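# Architecture at a glance
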2 protein chains.
Amino acid sequence: MKRFEIVPNFSEGRRQDVIDALCRCYQDQTDAMLLDYEFDADHNRCVLTAVGTAEALIEATLAACRIALREIDLNHHKGGHPRMGALDVLPFLPLEDATMEDAIAAARALGHRLWDELRIPVYFYEEASLGQKRLLPEIRKGNFEGLREAVKMDASRRPDVGGPDLHETFGATVIGARKPLVAFNVYLRSLDMDIAKAIAKAVRESSGGLRNVRAIAIDTTAQGSVQVSMNLVDVDQTPIYRAYEFVVAEAAHYGVSVSHAEVVGLVPLSGMLAVAERSLRLKGFHAEQVLEVRLAREGRA
Amino acid sequence: MKRFEIVPNFSEGRRQDVIDALCRCYQDQTDAMLLDYEFDADHNRCVLTAVGTAEALIEATLAACRIALREIDLNHHKGGHPRMGALDVLPFLPLEDATMEDAIAAARALGHRLWDELRIPVYFYEEASLGQKRLLPEIRKGNFEGLREAVKMDASRRPDVGGPDLHETFGATVIGARKPLVAFNVYLRSLDMDIAKAIAKAVRESSGGLRNVRAIAIDTTAQGSVQVSMNLVDVDQTPIYRAYEFVVAEAAHYGVSVSHAEVVGLVPLSGMLAVAERSLRLKGFHAEQVLEVRLAREGRA
């Protein structure tokens, strides 16, 4: 079956009734389900995780955007998190038999319907970018307020679908396709943020480290440690163990050891199995040897 | 759902038509499926792996035993593997929501029906043992030929259900319940079987090593190595990484390193995740964070 995970980020983290209404759009679809939702009042933002067919996820998102059009006005939105739209960003992640091409097609279909039916301007990002691959921060630069002005002067900043002006209250949204991302944090037995920052800089792709790794240092000294917080954006190509071993080795250069680590949120099975295979030096291991995988596969057949 | 894995071992490894007929008994049941079958002409034995509800697996096994009664005669059976019955041994392994108590109940139900309906005498082993826990080798000691005589003289060797004499052509069968077993082999960068034997002796429970570990040395010098071949009979209590790390440390005492390892056949997901958690020093990790586990759970709900 071709299913996708989507992670819609809405600019509402305070009004529980609005958040509930957004969630219900995904729960009401037969071929979709809401796996998780988180919200933060300081960020004034909620992040939903839903899984389903492209059709069901698109219908649910259109329904949710109708609510967002009615309830969320970016002109009066305050919050700590960068944002440019009432639905700020939504990536499609291919699951099971779905390919990245399928995810790109779903993202494009949703983008066009958002403009055609609701007059919401859309940007495409990550794998769904129209030309050169674009990332969220460069599209969202200046936030709602800044982007609203930028599109008037700079053609390169205009939406990919619709516009050129942003929607008066909704702003604009960013739709895309990407692989599942693993949020992976490593805690160091140290209270020295400079060491955490140096390790984060060493490991992340943008400053010359490992490909597919984004990293920052986080102050967790209240917990007796400092943290290297990573987003691993392609654990097939750059496995979790590679990032972990890199941080362990780098920390050793500062005479610091790793206390523990954590995976935040969801992780693909293949990512965890790759760690076990590395650790046991397994040869010839296949995911189909995992009893539960075999049962799920036979059950579908 | 309460489902079980069973691993029926039949004393037929040469006649493909008989093996196919045995397999079909499990394929024909709506609530059971055949996951795998292997056979070996030298051993003259086939090993099936099936999954399903207790009811479906019992019906399928009764059907298979009717075929075995007609086709297999232990008086004329020759093969390298120890055996005492046409269906030689069959363990029930609890899966998903099934408990060990459920597996024991299923084993007992099958055992009584084999005697009541087909006059096949039954022994219970492992967790399904009636009194003190009994293992297969002690029940099967002397094979079909020896056991046939032993039951006439020694009351302690008589079947738990039916008998006291074995079935004239079928022999008797051993039914039981146990946890899933992980077949885990570690290859050493050495051609010295004495080192492999010493490590196997050190790691196995029976000679003072790790609980829940059975181990022997296997000569794989043709592949440029020697092997410590282990059966891990409770990877919840004694994890795969514990056995692996034990063998690595013990090998180091002989100046030998580990080349690689292999998992043969099926392994429970929890066993593999435990290895990854150990390796990454993960804190607070739950199997529900694995995307595929979450999808399977939500799909059932």
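With that out of the way, let us pick up the sheet that holds strand β10 (residues 226-232) of chain B. All names here are of chain B. A sheet is described by the order of its strands in space; here four strands give the open sequence β9-β10-β8-β11, paired in antiparallel fashion. Looking at strand neighbours, the two that pair on one side only are β9 (213-218) and β11 (258-264), the edges of this open sheet. Neighbouring strand axes in the sheet, compared pairwise and without regard to direction, differ in orientation by 20° on average. Note that strand β8 (residues 182-188) and β11 share six bridges and pair antiparallel. Looking across to β11, one finds that Val186 is bridged to Ala261.

Another point: the packing of helix α6 (residues 193-203) of chain A against helix α7 (residues 240-253) of chain A. Residues and elements named next belong to chain A. Taken N-terminus to C-terminus, the directions of α6 and α7 make an angle of 135°; their axes are 10 Å apart at the nearest point. Judged by the inter-axis angle, α6 sits oblique to α7. Two packed elements cross with a definite hand, and for α6 against α7 that hand is right-handed. On α7, the residues that touch Ile199, Ala202 and Val203 of α6 are Ala243, Phe246, Val247, Glu250 and Ala251. Of the residues contributing to the contact of α6 with α7, the split by class is seven nonpolar, no polar and one charged.

Turning our attention to the interface of chain B and chain A. Each partner contributes to the interface: chain B provides 36 residues, whereas chain A provides 36 residues. Those elements that place two or more of their residues in the side of chain B that touches chain A are β3 (32-40), α7 (240-253), β11, α8 (269-280) and α9 (291-300) of chain B. Taken together, the residues that form the side of chain B that touches chain A break down as 25 nonpolar, five polar and six charged.

Right, let's get into the sheet that holds strand β11 (residues 258-264) of chain A. Each strand in a sheet pairs with another by means of backbone hydrogen bonds, the pair being arranged parallel or else antiparallel. All names here are of chain A. Read across the open sheet, the four strands follow the order β9-β10-β8-β11; overall the sheet is antiparallel. Each end of this open sheet is capped by a strand with a single partner; those strands are β9 (213-218) and β11. On average, adjacent strands in this sheet sit at an angle of 20° to one another, irrespective of strand direction. Each of β8 (182-188), β9 and β10 (226-232) is contacted by α6, which is oriented at about 20° to β10, the strand it contacts most. Contacts from α7 reach β8, β9, β10 and β11 within the one sheet, and its direction differs from that of β8 by about 20°.

If you rotate chain B by 180° and push it 0.0 Å along the axis, it lands on chain A with an RMSD of 0.1 Å. These values place the two chain copies in the arrangement generated by a two-fold rotation axis. Relative to the rotation axis, the C-alpha of B:Ala276 is the closest in chain B, positioned 2.3 Å from it. By residue overlap, the copies meet face to face through one surface: 100% of the interface positions of chain B are interface positions in chain A.

This part takes up the domain arrangement of chain A. Along its sequence, chain A is organised into domain 1 (2-177) and domain 2 (182-291). The C-alpha-based centres of domain 1 of chain A and domain 2 of chain A are spaced at 29 Å.

Residue and element names in this part refer to chain B. Burial in helix α6 (residues 193-203) covers these residues: Ile195, Ala196, Ile199, Ala200 and Val203. Viewed along the axis of α6, the buried residues span an arc of 135°, placing them on a single side of the element. As for α6, its buried residues are in contact with β8, β9, β10 and α7.

All names here are of chain B. Among the eight residues in strand β4 (residues 45-52), seven count as buried, and that is most of the element. Two elements, strand β1 (residues 2-6) and β4, share three bridges in a ladder whose sense is antiparallel. When the sheet's bridge partners are listed, Ile6 is paired in β4 with Ala50. Summarising the sheet, strand β2 (residues 9-10) and β4 pair through two bridges and their orientation is antiparallel. What sits directly across from Asn9, in β4, is Val47. In the sheet, β3 pairs with β4 via eight bridges, with the strands oriented antiparallel. Across the sheet, the residue bridging to Asp40 is Arg45, located in β4. Between β3 and β4, which pair antiparallel and follow one another directly, the connecting turn spans four residues, one of which, Asn44, has a positive phi of 55°.

Keep in mind that low pLDDT regions are not for reading the predicted coordinates in detail. In this model, chain A carries a mean pLDDT of 94, and residues with pLDDT of at least 70 account for 99%. The ipTM assigned to the predicted complex is 0.78, against a pTM of 0.79.

Right, let's get into the environment of A:Gly13. Mapped onto the secondary structure, A:Gly13 falls in the loop between β2 (9-10) and α1 (16-27). Measuring from C-alpha to C-alpha, the distance between A:Gly13 and A:Asn143 comes to 17 Å, with 130 residues separating the pair along the chain.

Once that is clear, we can look at the environment of A:Ala183. All names here are of chain A. In this fold, Ala183 is placed in strand β8. The spacing of Ala183 and Asn231 is 48 residues in sequence and 4.7 Å in space, taken between C-alpha atoms. In contact with Ala183, not counting residues within four places along its chain, are Asn231, Val263, Val264 and Gly265.

Residue and element names in this part refer to chain B. Here α8 is twelve residues long and its end C-alpha atoms lie 17 Å apart, about the 16 Å a rise of 1.5 Å per residue gives. Across the twelve residues that make up α8, a large majority, ten, are buried. Within the sequence span of α8, burial applies to Leu269, Gly271, Met272, Leu273, Ala274, Val275, Ala276, Glu277, Ser279 and Leu280. At the exit of α8 stands Arg281, carrying a positive phi of roughly 50°.

Bringing the environment of A:Asp116 into the picture now. With respect to the element layout, A:Asp116 can be found in helix α3 (residues 100-118). Taking the C-alpha atoms as reference points, A:Asp116 and A:Gly162, separated by 46 residues in sequence, lie 8.2 Å from one another.

Glancing now at unusual backbone geometry. The peptide bond linking A:Gly163 to A:Pro164 adopts the cis configuration, its omega dihedral lying at 5°. Among the structural elements, A:Pro164 can be located in the loop between α5 (143-153) and β7 (173-177). The residue A:Glu126 is not glycine, and still its phi comes out positive at about 50°. With respect to the element layout, A:Glu126 can be found in strand β6 (residues 122-126). Of note in the backbone geometry, B:Arg119 takes a positive phi value of approximately 60° without being a glycine. With respect to the secondary-structure elements, B:Arg119 resides in the loop between α3 (100-118) and β6 (122-126).

Their axes nearest at 8 Å, the elements helix α8 (residues 269-280) of chain A and α8(B) cross at an angle of 75°. Compared by their axis directions, α8(A) and α8(B) come out roughly perpendicular. Residues A:Met272, A:Leu273, A:Val275, A:Ala276, A:Ser279 and A:Leu280 of α8(A) pack against B:Met272, B:Leu273, B:Val275, B:Ala276, B:Ser279 and B:Leu280 of α8(B). Residues of the contact of α8(A) with α8(B), tallied by class, amount to ten nonpolar, two polar and no charged.

This part covers the nonpolar core. If you look at the biggest cluster of nonpolar residues, it comprises 198 residues, and the most contacted ones within it are A:Ala50, A:Val228, B:Ala50 and B:Val228. If near-sequence neighbours (up to four positions away) are discounted, B:Val228 is found in contact with B:Asn185, B:Val186, B:Leu188, B:Ala196, B:Ile199, B:Ala200, B:Val203, B:Ala215, B:Ala217 and B:Val247.

Reading guide: rules and limits
- Residues numbered from 1 in each chain as written.
- Chains lettered and ligands numbered in written order.
- Predicted model: local features only at pLDDT ≥ 70, side-chain atom pairs only at ≥ 80, totals over all residues.
- Pairing = 2+ DSSP bridges.
- Helix = DSSP H or I, 4+ residues; strand = E, 2+ residues; numbered from the N terminus.
- Axes fitted to C-alpha atoms, helices over the stretch in contact; angles between N-to-C directions.
- Parallel < 35°, antiparallel > 145°, perpendicular 65-115°, else oblique.
- Left-handed = near helix turned anticlockwise from the far one by under 90°.
- Contact = placed C-beta atoms within 7 Å.
- Nonpolar A, V, L, I, M, F, W, Y, C, P; charged D, E, K, R; others polar.
- Least-squares fit on C-alpha atoms with pLDDT ≥ 70 in both.
- Domains from an automatic or database assignment.
- Buried ≥ 20, exposed ≤ 12 C-beta atoms within 10 Å, placed from the backbone.
- Arc of directions from axis to C-beta.
- pLDDT = per-residue confidence, 0-100.
- Expected span 1.5 Å × (residues − 1).
- Core = buried A, V, L, I, M, F, W, Y, C linked by C-beta atoms within 7 Å.

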